[in-house]
Amino acid sequence: MPTNPITPTIPLDADGEHHGFLRLPYSRDDSAWGSVMIPITVIKNGDGPTALLTGANHGDEYEGPIALVDLALTLKAPDITGRVIIIPALNYPAFQAGLRTSPIDRGNMNRSFPGKPDGTVTQKIADYLFSVLVPEADVVLDFHSGGKTLDFIPFASAHVLDNKDQQAACLAAVEAFNAPYTVMLLEIDNVGMYDTAVEDQGKVFVTTELGGGGTATAASAGIAKKGVRNVLKHAGILKGDIEKSPSVILDMPDGDCFVFSEDSGLIETMKDLGDTVAKGEIVARVWPADRTGCHPTDYRANRSGILASRHFPGLVKAGDCIAVVAVVVE
Ligand SMILES: [Zn+2]
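Source: prediction; values computed, not measured. (Residues numbered from 1 in each chain as written. Predicted model: local features only at pLDDT ≥ 70, side-chain atom pairs only at ≥ 80, totals over all residues. Heavy atoms only, no water.)

Chemist: How should the domain arrangement of the protein be read in this particular structure?
Modeler: Often, the extent of an interface is quoted as the loss of accessible area on bringing the components together. Partitioning the protein into structural domains gives domain 1 (7–248) and domain 2 (255–328). Between domain 1 and domain 2, the C-alpha centre-to-centre distance is 30 Å. Taken together, the contact pairs eleven residues of domain 1 with 15 residues of domain 2. Carbon and sulfur atoms supply 72% of the area buried between domain 1 and domain 2, which totals about 1000 Å² over both sides. Counting across the interface, domain 1 meets domain 2 through zero salt bridges. Taken together, the connections running from domain 1 to domain 2 amount to four residue pairs in polar contact (both at pLDDT 80 or more). Here the element with the most residues in the side of domain 1 that touches domain 2 is strand β7 (residues 150–152); it accounts for three residues. The residue inventory of the side of domain 1 that touches domain 2, partitioned by class, reads seven nonpolar, two polar and two charged. (Domains from an automatic or database assignment. Contact = heavy atoms within 4.5 Å. Buried area = accessible area lost by both parts, 1.4 Å probe. Salt bridge = Lys/Arg side-chain N within 4 Å of Asp/Glu carboxyl O. Polar contact = N/O pair within 3.5 Å; in protein donor to acceptor, adjacent residues only side chain to side chain. Helix = DSSP H or I, 4+ residues; strand = E, 2+ residues; numbered from the N terminus. Nonpolar A, V, L, I, M, F, W, Y, C, P; charged D, E, K, R; others polar.)

Chemist: In this structure, what is going on with the packing of helix α4 (residues 164–177) against helix α6 (residues 218–234)? I would like to understand it.
Modeler: Helix-helix packing is characterised by the crossing angle of the two axes and by the distance between the axes. Look at α4 against α6: their axes get within 7 Å of each other, and the N-to-C directions meet at 135°. Judged on the interaxial angle alone, α6 and α4 are oblique. In terms of crossing hand, the pair formed by α4 and α6 is right-handed. Residues A172, A173, A176 and F177 of α4 touch α6, and the partners they reach there are I223, A224, K226, G227, V228, N230, V231 and H234. When its residues are assigned to classes, the contact of α4 with α6 shows eight nonpolar, three polar and one charged. (Axes fitted to C-alpha atoms, helices over the stretch in contact; angles between N-to-C directions. Parallel < 35°, antiparallel > 145°, perpendicular 65-115°, else oblique. Left-handed = near helix turned anticlockwise from the far one by under 90°.)

Next up, the structure:
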């Protein structure tokens, strides 16, 4: 089995605050012996739990990077017990390019796990997480948002797991994150996901969808900053009380939550994020973009709930997810 080529430029297990890089050799036209330099901060104070915090798993999602560069700068070793490993931009080449996937190998980080030590750049990063960092972690927080093509109500989520003790531990950490919405998430495409790889190692895992559209707002970045500190407090790493506000519990129980377009064209959203939606109600219409005098196609909710996500750009293609309806749990 080949070993992973990534070398940290800082110690991963020394007390204090260390800022450096995960250096991944990447030979290419403009740098024969070049490297991808993925920023990393490790903050440690004595023995205790380890938290692994990642943003920009998808490179065009910004709440995680903002919250994590802020945390890397402001969190000090005396504030904690244990260790915090912070990687604000996990798919760093994608983040640098402002893209969901890596411009080097088109790698979608969240479809690349468990990775390959002798694979592409994206597969090597995934393998380093999977084989080196995740095994040392007790709690793992991976930030997501909708990126350029989706927008979400701000939520933190846990998955339905076979191990109900682990599921309960994940849900408790998600509730500690305290986003405005808390979701039990059904993944529609979970093969190769970081989430699945971390959960399969028995870890406490928290993920989020905090907004989207290829940007962050003051509100969504604030939710991320509060949430990450709350998770560290919940894990017993950071001192202080968890900051709690009311959070609406949502469920996405099956594929009926998702509405996909069968047309390409101009999308007219008929509901905004957070709006109440009744089963059968029109959530969006798709107009032909290449002619006048034609009726739009109506897309209807398959179940009642609230609009949790929607397609963001004004033009839509056949096969795009145009709406997600989540069920409010009383
Ligand atoms: Zn994402």
